[in-house]
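Each chain, written out:
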Amino acid sequence: MLEVRDLHAGYGRVEVLRGVSLDLAAGEIVALLGANGVGKTTFNGVLSGLLKPWSGGIALEGAPLPAGDTKAALDAGLVLVPEGRHIFPNLTVRENLWLGGYRRGRANRARNLDHVLDTFPRLAERLAQRAGTMSGGEQQMLAIGRGLMAEPRLLILDEPSLGLSPILVEEMFALIGRLNADGLTILLVEQNVHLTLEVAHRGFVMENGAITVTGSAPELLADPDLQRSYLGV
Ligand code: ATP
């Protein structure tokens, strides 16, 4: 459903992505792994239209996405839940969620809100609470709920487990599995490699702005280089 071909991108004259190509099939959870600073966030920025690539192409469900166009990416169903959540702390939970559906029209937004509140009963209890006063785990759920309001076909989750307690990390991965079981295709960028490869079907390893290793999750879990670099074996 997602085809990325030979993406090059960077900041100023510094090249960060040096020819990234990858494919996702509908219904997959695919992990994007890699050390800090290799370009994962930059890649997400290009996918979601926040950053215009220098060259290369992206297509979603066969249709090319215009480069650097966040609205086109959203309308096509490519939704990023960014690292660090970026919720609006002074707005309520309801207002944050409502904003997530801003491209979808009033009736769809109301329907999407019902769906999100079914998925996250905790958010339903706290609709009138200011988002900045929610716990870290609740804020992460809000960030994902806001993403779901946009009706993703492909959901990109950038480090959703970051800063969560071990129990909430487990809950987060269980949630990712449920969203996928409901039919959502997910690109999961994570440092928590072990849990990620337990929930993902396949994975890519990015090093220095390029994909260097590709495999099924069991293959990656058994890969001796990966075990040394990321799994602490
Ligand atoms: P992390 O897991 O730490 O977020 P990452 O793999 O997501 O790392 P990026 O955030 O994409 O990596 O950063 C890749 C490189 O691009 C880094 O060297 C970073 O310093 C640089 N970089 C990122 N954003 C900018 C920016 N706005 N301006 C200049 N350089 C940037």
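Everything below is about the structure shown above.
We now turn to the structure provided with this report. (Residues numbered from 1 in each chain as written. Predicted model: local features only at pLDDT ≥ 70, side-chain atom pairs only at ≥ 80, totals over all residues. Heavy atoms only, no water.)

### A few points about unusual backbone geometry
Backbone geometry follows two general trends: most residues other than glycine have a negative phi, and most peptide bonds adopt the trans configuration. You will see that Asp6, though not glycine, has its phi angle at about 50°, which is positive. Looking at the secondary structure, you find Asp6 in strand 1 (residues 2–11). Not every positive phi belongs to a glycine, and Asn208 is a case in point at roughly 50°. By the secondary structure assignment, Asn208 is in the loop between strand 9 (202–207) and strand 10 (210–216). Given the relative accessible area of 54%, Asn208 is considered exposed. (Helix = DSSP H or I, 4+ residues; strand = E, 2+ residues; numbered from the N terminus. Buried < 20%, exposed > 50% of the residue type's maximum accessible area, 1.4 Å probe, protein only.)

### Quick word on the side chain of Arg109
Mapped onto the elements, Arg109 comes out in helix 4 (residues 106–119). Salt bridges are absent for the buried Arg109, whose nearest opposite-charge side chain, Glu151, sits at 8.9 Å. Within the structure, the side chain of Arg109 is placed 2.7 Å from the backbone oxygen of Trp98, a separation counted as a polar contact. When near neighbours in sequence (up to four residues on either side) are disregarded, Arg109 contacts Trp98, Leu99, Gly101, Tyr102, Arg104 and Met149. (Lys, Arg positive; Asp, Glu negative; His and termini not counted. Salt bridge = Lys/Arg side-chain N within 4 Å of Asp/Glu carboxyl O. Polar contact = N/O pair within 3.5 Å; in protein donor to acceptor, adjacent residues only side chain to side chain. Contact = heavy atoms within 4.5 Å.)

### Overview of the site of the ligand
Neighbouring residues of the ligand: 13 residues in total, closest Gly37, Gly39, Lys40, Thr41 and Thr42. Within the contact set of the ligand, an oxygen atom lies 3.1 Å away from a backbone nitrogen or oxygen of Val38. At 2.5 Å, a side-chain N or O of Thr41 approaches an oxygen atom of the ligand. Within the complex, 56% of the 630 Å² of free accessible area of the ligand lies under protein. If one sorts the elements of the shell around the ligand by residue count, helix 1 (residues 40–47) sits on top with 3 residues. Partitioned by chemical class, the residues of the shell around the ligand number 4 nonpolar, 6 polar and 3 charged. (Near = heavy atom within 4 Å. Areas by Shrake-Rupley, 256 points an atom, 1.4 Å probe, with all protein chains shown as cover. Nonpolar A, V, L, I, M, F, W, Y, C, P; charged D, E, K, R; others polar.)

### So, the packing of helix 4 against helix 6 (residues 136–149)
Relative to each other, helix 4 and helix 6 sit at 145°, their axes nearing to 9 Å. Judged by the sense of rotation from one axis to the other, the crossing of helix 4 with helix 6 is right-handed. Here Arg109, Asn112, Leu113 and Val116 of helix 4 lie close against helix 6, whose contacting residues are Gly145, Leu148 and Met149. Of the residues belonging to the contact of helix 4 with helix 6, the class tally is 4 nonpolar, 2 polar and 1 charged. (Axes fitted to C-alpha atoms, helices over the stretch in contact; angles between N-to-C directions. Left-handed = near helix turned anticlockwise from the far one by under 90°.)

### Examining the packing of helix 3 (residues 93–100) against helix 6
With their axes 6 Å apart at the nearest point, helix 3 and helix 6 run at an angle of 35° to one another. Judged by the twist between their axes, the crossing of helix 3 over helix 6 is right-handed. For the pair helix 3 and helix 6, the contacting residues are Val93, Asn96, Leu97, Trp98 and Gly100 in the first and Leu142, Gly145, Arg146 and Met149 in the second.

### Comments concerning the pattern of salt bridges
Tallying each qualifying case throughout the model produces 8 salt bridges. Note that Glu28 and Arg202 form a salt bridge whose closest N and O atoms lie 2.6 Å from each other. With Glu28 in the loop between strand 2 (14–24) and strand 3 (29–33) and Arg202 in strand 9, this pair connects stretches of sequence that are 174 residues apart. For Glu28, a relative accessible area of 12% puts it in the buried group.

Don't take any of this as a statement about function, it's just geometry.
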